[in-house]
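Listed here are the chains, written in short residue letters.
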Amino acid sequence: MAPIMDAIAGMRVLLAGDDDAAVSELRAAISLAGAVPAACSGDPGDVAAAVAQDPPAAVLVVGADPVALRARLDPLGLQGGPEVVPVEDLTRAGAPFDAAAARRLRALIDRRALRMRQVELEAVVATQAVDSRRDLQAASVDLLRRLAAAAEYRDDNTHEHTQRVGDLAARLARNLGHDDRTVWLVRQAAPLHDLGKIAVPDNILLKPGRLTDEEFEVVKTHAVLGARVLAGGESDLLQTAERVARTHHERWDGTGYPDGMAGDRIPIEGRLVHVADVFDVLVHERPYKESWTVMAATEEIRRGAGTQFDPEVVAAFDGLGASAWALLDAQGAP
Ligand SMILES: [Fe+2]
Ligand SMILES: [Fe+2]
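Attention here is on the structure that accompanies the text. (Residues numbered from 1 in each chain as written. Chains lettered and ligands numbered in written order. Predicted model: local features only at pLDDT ≥ 70, side-chain atom pairs only at ≥ 80, totals over all residues. Heavy atoms only, no water.)

## Observations regarding the coordination of the iron ion (ligand 1)
For a metal bound by four donors in a tetrahedral arrangement, the ideal donor-metal-donor angle is 109.5 degrees, while six donors in an octahedral arrangement ideally sit at 90 or 180 degrees. For the iron ion (ligand 1), the full set of protein donor atoms is Asp-194 (OD), His-222 (NE2), His-248 (NE2) and His-249 (NE2), and the range of their distances to it is 2.0 to 2.3 Å. Considering all four donor atoms around the iron ion (ligand 1), the spread of angles at the metal, 84 to 174 degrees, places the coordination shape in the irregular class. Counting along the primary sequence, the residues that act as donors to the iron ion (ligand 1) give the motif D-x27-H-x25-H-H. The distance between the iron ion (ligand 1) and the iron ion (ligand 2) is 4.8 Å, with Asp-194 acting as a donor to both metals. With His-222 in helix α8 (residues 213-230) and His-248 in the loop between α9 (236-247) and α10 (268-283), this residue pair connects regions lying 26 residues apart in the sequence. (Donors = N, O, S within 2.8 Å, 3.2 Å for Na, K, Ca; no water. Tetrahedral: all angles 85-135°; square planar, octahedral: opposite > 155°, others 65-115°. Helix = DSSP H or I, 4+ residues; strand = E, 2+ residues; numbered from the N terminus.)

Put into structure tokens, the structure is as follows:
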């Protein structure tokens, strides 16, 4: 009586080999096990075509080279594809394909299915993690943008100043050869430079004409106050924004505020935003000043190289040339 070999009953098994006698003997044994056999030559191209046409649960290799077959099947992206098994791995030397061989084959098929399921689940988990990180990042960027807008709402209710400073500072960073990540961080963090102005009273912030020394001292507190609001953040973005808020009024020669830092001890983000901020304020009207022409503002930036501004940032500003003009034109400035 034939042994019961129901381990692979109903499964489609592709037999690959060029030894017709061996293949048909195996086909008979597989049929006896209740599986559904199909056969093709041992040529990797034939096997790949047969698998693509009607994917089997396993490919049983008779005499052909299993490594070559796997190599041919893998690039097809058949991740959930069949196990490729040399028949001699399942049977004892010279013995026919029997119930024990069927159980071994079934175990291999199950193990592969499990592995595939695991790969799928890992991919799902990875995608969800990326999605939620992306959502979180988008939410924080959005929140920071609103915060920046709130800070400048009273003296720039179009919010354009903060965004223009972000654009220009990012262009300067790009021109200085900073990597994409740094450029992005500068772009997002720069609009928060004046966050601390939230705490400066209207009668000072919106005062037409010159400020008294005492009033100016109040305005100067915005650098430290803004940095304090942003302090302690764990993300690169918040840390960059904190540095920008604290150092965007430091001067290259050490006579700026709040810390009187000099030269390249001033974080680069602060040096970039300083130039972008001053330029943008000059070419736009403020309660206390008329707008300057772009030429006059550009001259002022150049004059400040090495005293007020980092000379390399000024060189990058000069290097922008036409594109800085284009930026201003696009936003309707003079
Ligand atoms: Fe400022
Ligand atoms: Fe500003």
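Alright, that's what it looks like, and here's the rest.
## A few points about unusual backbone geometry
For the bond from Tyr-257 to Pro-258, the omega torsion is 5 degrees, close enough to zero to count as cis. In this structure, Pro-258 sits in the loop between α9 and α10.

## Observations concerning helix α2 (residues 44-53)
Within α2, the full set of buried residues consists of Val-47, Ala-48, Ala-50 and Val-51. Along the axis of α2, the buried residues cluster in a sector spanning 165 degrees; they form a single face. More than 90 degrees from the buried face of α2, the exposed residues found are Ala-52 and Gln-53. In this structure, the buried side of α2 is in contact with β1 (12-17), β2 (36-40), β3 (58-62) and α3 (66-73). You can read the cap of α2 off the contacts: a side-chain oxygen lies 3.1 Å from the backbone nitrogen of Gly-45, and it is on Asp-43. (Buried < 20%, exposed > 50% of the residue type's maximum accessible area, 1.4 Å probe, protein only. Arc of directions from axis to C-beta. Contact = heavy atoms within 4.5 Å. Polar contact = N/O pair within 3.5 Å; in protein donor to acceptor, adjacent residues only side chain to side chain.)

## Section: the pairing of β2
Pairing between β1 and β2: five bridges, direction parallel. Bridging from a neighbouring strand, Val-13 pairs with Pro-37 of β2. For the crossover from β1 across helix α1 (residues 20-32) to β2, the handedness is right-handed. (Pairing = 2+ DSSP bridges. Right-handed = clockwise from strand over helix to strand, strands pointing away.)

## Considering the side chain of His-249
Inspection of the secondary structure assignment puts His-249 in the loop between α9 and α10. Taking relative accessible area as the criterion, His-249 reaches 18% and is therefore assigned buried. Among the polar contacts made by the side chain of His-249, one reaches the side chain of His-248 at a distance of 2.9 Å. Ignoring anything within four residues of it in the chain, the contact list for His-249 reads Asp-194, His-222, Gly-256, Tyr-257, His-274 and Asp-277.

## Concerning the packing of aromatic side chains
Each aromatic ring pair is characterised by the separation of its centres together with the angle its planes make. All chains considered together, the criterion is met by two aromatic pairs. With centroids separated by 6.2 Å and ring planes inclined at 85 degrees, the aromatic side chains of Phe-216 and Tyr-257 adopt a geometry described as edge-to-face. Of this pair, Phe-216 sits in helix α8 while Tyr-257 sits in the loop between α9 and α10, and the two are 41 residues apart along the sequence. You can call Phe-216 partly exposed: its relative accessible area is 38%. (Phe/Tyr/Trp six-rings, centres within 6.5 Å; stacked < 30°, edge-to-face > 60°.)

## With respect to α1
Since there are 3.6 residues in each turn of an α-helix, residues three or four apart along the chain are aligned in direction. In a regular helix each residue adds 1.5 Å, so 13 residues correspond to 18 Å; α1 covers 18 Å between its end C-alpha atoms and thus fits that length. Of all the positions in α1, only Val-23, Leu-26, Ala-29 and Ile-30 are classed as buried. Projected down its long axis, α1 carries its buried residues within an arc of 125 degrees, all on one side. α1 presents Asp-20, Ala-21, Glu-25 and Leu-32 as exposed residues on the side facing more than 90 degrees away from its buried surface. Where α1 is buried, its residues touch β1, β2 and β3. One or two residues past the end of α1 sits Gly-34, with phi positive at roughly 85 degrees. (Expected span 1.5 Å × (residues − 1).)

## What about the pattern of salt bridges?
Under the defined criterion, the tally for this structure stands at 21 salt bridges. In this structure, Arg-106 and Asp-110 form a salt bridge, with 3.0 Å as the shortest nitrogen-oxygen distance. Taken together, the residues Arg-106 and Asp-110, both in helix α4 (residues 99-151) and four residues apart, mark about one turn of the helix. Given a relative accessible area of 37%, Asp-110 falls into the partly exposed group. Each of Glu-160, Arg-164 and Asp-280 takes part in salt bridges that share partners, so that together they form one network. (Salt bridge = Lys/Arg side-chain N within 4 Å of Asp/Glu carboxyl O.)

## As for the coordination of the iron ion (ligand 2)
Taken together, the protein ligands of the iron ion (ligand 2) are His-161 (NE2), His-193 (NE2), Asp-194 (OD) and Asp-277 (OD), with distances of 2.1 to 2.5 Å. Because the angles between the four donor atoms bound to the iron ion (ligand 2) fall within 81 to 140 degrees, the donor set is best described as irregular. In primary sequence terms, the donor set of the iron ion (ligand 2) follows H-x31-H-D-x82-D.

## Observations concerning the side chain of His-284
Its location among the elements puts His-284 in the loop between α10 and α11 (294-303). For His-284, the side chain forms a polar contact with the side chain of Arg-164, separated by 3.4 Å. Among the polar contacts listed, one links the side chain of His-284 to the backbone oxygen of Asp-280, at a separation of 2.9 Å.

## Comments concerning the layout of surface pockets
Empty space within the largest pocket amounts to approximately 1,000 Å³. Around the largest pocket sit 31 residues that line it, and Phe-216, His-249, Tyr-257, Val-281 and Tyr-288 are the ones nearest its centre. Mapped onto the lining of the largest pocket, the elements with two or more residues apiece are α7 (202-205), α8 and α10. Tallying contributions element by element places α10 first for the lining of the largest pocket, with five residues. Split into classes, the residues belonging to the lining of the largest pocket amount to 12 nonpolar, eight polar and 11 charged. (1 Å grid on protein atoms, 1.4 Å probe; cavity = no way out; pocket = protein on both sides within 12 Å on 5 of 7 lines; lining within 4 Å. Points joined across faces, edges and corners; volume = space filled by probe spheres on them. Nonpolar A, V, L, I, M, F, W, Y, C, P; charged D, E, K, R; others polar.)

Read these as spatial facts, not as claims about activity.
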